[in-house]
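Architecture and fold: a report
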Amino acid sequence: MSFVKNLLFGGVKTSEDPTGVTDNGNGAQKSQESEPIVEGRFFPRTLYKFNGHDDEKIFLAIKGKVFDCTQGRQFYGPSGPYSNFAGHDASRGLATNSFDLDVLKHWDQPMDDLSGLGKQELDALDSWLEHFQKKYPCIGTLVPEPGVNI
Amino acid sequence: MFQLDIRLMCTLLAILIASAVVVTKIIVETKRDLHPIALSQQSNIGPTRKENETAIYRNFTIPPGFPLTTGMSLSMGYKFRNGNFGDIWSSIMAIARHNYIELNDQRYSLSLVNANAKNLCQKWKTGTKPCHLGIASPIDELPGFVLAITGFMGSLQDLVPVFLTSVPRSKPDLDILAIDSWETFHKMNGSQSWYKLVLVCDSTKGEPPHEIPSNIVTWDALALNFEPTPDREVSRFDYKPPSDNHHDSKLIAVSNSPFGTATSFTHMALVSSVAAFIKSFPIDFGLSSNDHLSIILERRSAATDPIQIFPKLLAILLHGGSVSILNKQGTLQTLGQSLNLTTTLLQIPQECEMLDRLLSHPLSIVQRIKLAWASNLLSEGVFSSSARISPELKQLRCVFLSDNVKNIGSVATICAPTGKAGLAPKKTKTTLELNRMRAILGSRVVRELCCPYVVLGPVASTNFFDYRVFPHQVDLKLSNYGPISTSLEAKLAKDETKPQLSVAKRQGLLCIRGFTIGRPVNPEQMTRALKAVEKFDGREGWMPMFGVSCLWGLDGCLYEFN
């Protein structure tokens, strides 16, 4: 309709403000939806929601480092072979080559200190860590939450 | 009866208006060059950000995890290599038949340029230590242009071209100096003895001295002047890359700025910039041998960095097209009169007087109606050339409007702007004016953000199909430069000198990383750069552009504060 109006009375169509300087409200709403996560410290509780289900993004932790694996959605996303690792500390699962959810600690449990793992398993975990460091951006560290994990 | 007529008339009118609305809506929707959704997502944005920084933004054509545009992707067996000037120039000469270089309305064959460059390269070959060639002669004249090509060609061996903004006043590390005329020679005040050779490019300007020193030579005495045929040896440039690709990382040129800084660029920076330019064209609008690029220079401007013209120039020649370089400062000619009639692409500085005259040209009533129609269509995303006013510009298909960052000096010297330098508002064209330009020229307009002396080629450029008109308040505060170039990635960092800018609102100091950025040459400047870079996450190679305050739009475009 604006096209006909502009055609008859002169003028041009003005696009929505994508910068937010005019504060029309739409921009702020869209901005909040796609706000990038600030890199930093994660607790098991805050990490959990990035499981590809509750939040589109997929984060997982290995040896205290949190990686953004959203690009590997086909592996770590819902219905992917490693979906149990998403939003969790995946260290023990990767070290023991087990995809079982019971192997992993839940967000309300004390954090996994990797006790009981043999040398071979720890070596395997180190090579997984190296693989993740090459492939995915490290976005922070996983620390225990006082009152929840310690 | 009368009542029936009114009802009939009203019904007919309603049907007419409704069908006009539907038809125009359908026409606008189907004729639109780019869907609004595509315009609202022009960058790939990193999912995370560091504290006091925004996320990392990349051009939408470079998905996360994929490498930036690093070169020409030439095949070497089963591997890819980036390439260098030798690859580009040998390909250019292999297809050079009817295309040419036009320098201030004088046409020269590429064979002539190639023969002269090869001849000078051979002459100045030392075989031992690097020979530094200072070029202080204008690039829009044959000697200056040939010397630039000679420098690039020779940089694969032992020549280092140094682009100068003026004749050095203190003794520089140069072996050869090319100056424009005898007039300049007389102003050298004896400094000609600093060089092994001083080349006077235009011996007709000014009077030669009574006794010409032995290290002074004129262009006429050096240049080959003949009409080469395409089959002759002089019309070829044979280049065989070394197996270890070490030529790709060699230094191609040094660019001296009027701010007292010198920046070196590698062959990889040049090929990355050429490749990024070629990739910037949408499908069906790519470069071809029919293209003719006209480059308008503002020679006296402090912002004129001669090396900046080469990425586009080489990309056009690589496709078999021709190039004109013009310096029309102070001329009263119109844009249509100045340009070669076959011009399809135009590179022009934003502050060019000719452009302003064309845009403020008085229009007849018919032209005004056409302009209103075209502007309206453009704002809806539909391109229309119906309001073109210069028939000479019929072939023109895209204008690259180059605009420099607000504080070139601060970026080049790696110092935060002080005093009034950082406060003076930037003069820029509004999106409405850009659409008027599109309508009047009958061509697409791409606005580029350039940073001469620091980055080779544009830092960011608007989409070929982006004709959006923003609210007036946005145009007052900001200038849209589209997504970042495909050979760079960028983020905005907290600027301590501008506390009013909020990183959470995607505002801050522009930091870039990529392959088209130059390196400071002077040790003092290098130390300052390393110090600055360290402050902005030095280990990851980000370069802060001091004084360049920007904002990321929700559309993924870069907006600089005016």
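The structure contained in this document is the topic of the report that follows. Keep in mind it's a predicted model, so treat the numbers as computed, not measured.

Considerations on the interface of chain B and chain A
- With 36 residues of chain B at the contact, the number on the chain A side is 30 residues.
- The set of elements that each furnish at least two residues to the side of chain B that touches chain A consists of α1 (2–31), β1 (43–49), α12 (365–379), α14 (431–441) and α15 (472–477) of chain B.
- If you tally residues by element for the side of chain B that touches chain A, the top one is β1(B), at 5 residues.
- As defined by bridge partners, strand β1 (residues 37–38) of chain A adjoins β1(B) across 2 bridges and the pair is classed as parallel.

Considerations on the environment of B:Thr261
Residues and elements named next belong to chain B.
- Within the secondary structure, Thr261 sits in the loop between β12 (251–256) and β13 (262–266).
- For the pair Thr261 and Asn407, spaced 146 residues apart in the sequence, the C-alpha separation amounts to 14 Å.
- Beyond its immediate stretch of four places on either side in the chain, Thr261 contacts Ala412, Thr413, Tyr453, Pro520, Asn522 and Gln525.

Topic: the sheet that holds strand β15 (residues 322–327) of chain B
Residue and element names in this part refer to chain B.
- Overall, mixed pairing links the 8 strands, which are arranged β6-β5-β15-β14-β16-β17-β18-β19 in an open sheet. Every other strand in the sheet has two partners, leaving β6 (106–109) and β19 (460–461) as the edge strands with one partner each.
- Across 7 bridges, strand β17 (residues 398–404) lies against strand β18 (residues 444–450) in parallel orientation. What sits directly across from Asn404, in β18, is Cys450.
- Contacts from α14 reach β17 and β18, with the element oriented near 135° to β18.

Considerations on the sheet that holds strand β5 (residues 138–142) of chain A
All names here are of chain A.
- The strand order β2-β5-β4-β3 describes an open sheet built from 4 strands, whose pairing is mixed. Each having just a single partner strand, β2 (40–42) and β3 (59–62) make up the two edges of the open sheet. When strand polarity is set aside, the average angle formed by the axes of neighbouring strands in this sheet is 40°.
- Across 3 bridges, the pairing between β2 and β5 is parallel. Opposite Phe42, over in β5, you have Leu142 as the bridge partner.

Re the pairing of strand β22 (residues 507–514) of chain B
Residues and elements named next belong to chain B.
- The element β22 is extensively covered by neighbouring structure, given that 7 of its 8 residues are classed as buried.
- Where strand β21 (residues 488–493) and β22 come together, 6 bridges link them in antiparallel fashion. Considered in β22, the bridge of Leu488 is made with Gly514.
- Pairing of β22 with strand β24 (residues 543–552) involves 5 bridges; the strand directions are antiparallel. Considered in β24, the bridge of Gly508 is made with Cys550.

Description of the environment of B:Ser170
- Looking at the secondary structure, you find B:Ser170 in the loop between β8 (159–163) and β9 (176–181).
- Residue classification places B:Ser170 among the exposed residues on the basis of 6 C-beta atoms within 10 Å.

Section: the pairing of β8(B)
Residues and elements named next belong to chain B.
- Counting buried positions over the 5 residues of β8 gives 5, a clear majority of the element.
- Residue alternation in β8 divides its side chains into two sets, Leu159, Pro161 and Phe163 and Val160 and Val162, and both sets are buried.
- Sheet analysis places strand β7 (residues 131–135) next to β8, joined by 5 bridges and oriented parallel. Within β8, the position partnered with Cys131 by the bridge is Leu159.
- In this region the chain leaves β7, passes through helix α5 (residues 142–154) and returns to the parallel neighbour β8; the handedness of that crossover is right-handed.
- Looking at chain direction, β8 and β12 are connected through 2 bridges and run parallel. In the strand pairing of β12, Phe163 is matched with Ser255.

What counts and how
- Residues numbered from 1 in each chain as written.
- Chains lettered and ligands numbered in written order.
- Predicted model: local features only at pLDDT ≥ 70, side-chain atom pairs only at ≥ 80, totals over all residues.
- Contact = placed C-beta atoms within 7 Å.
- Helix = DSSP H or I, 4+ residues; strand = E, 2+ residues; numbered from the N terminus.
- Pairing = 2+ DSSP bridges.
- Axes fitted to C-alpha atoms, helices over the stretch in contact; angles between N-to-C directions.
- Buried ≥ 20, exposed ≤ 12 C-beta atoms within 10 Å, placed from the backbone.
- Right-handed = clockwise from strand over helix to strand, strands pointing away.

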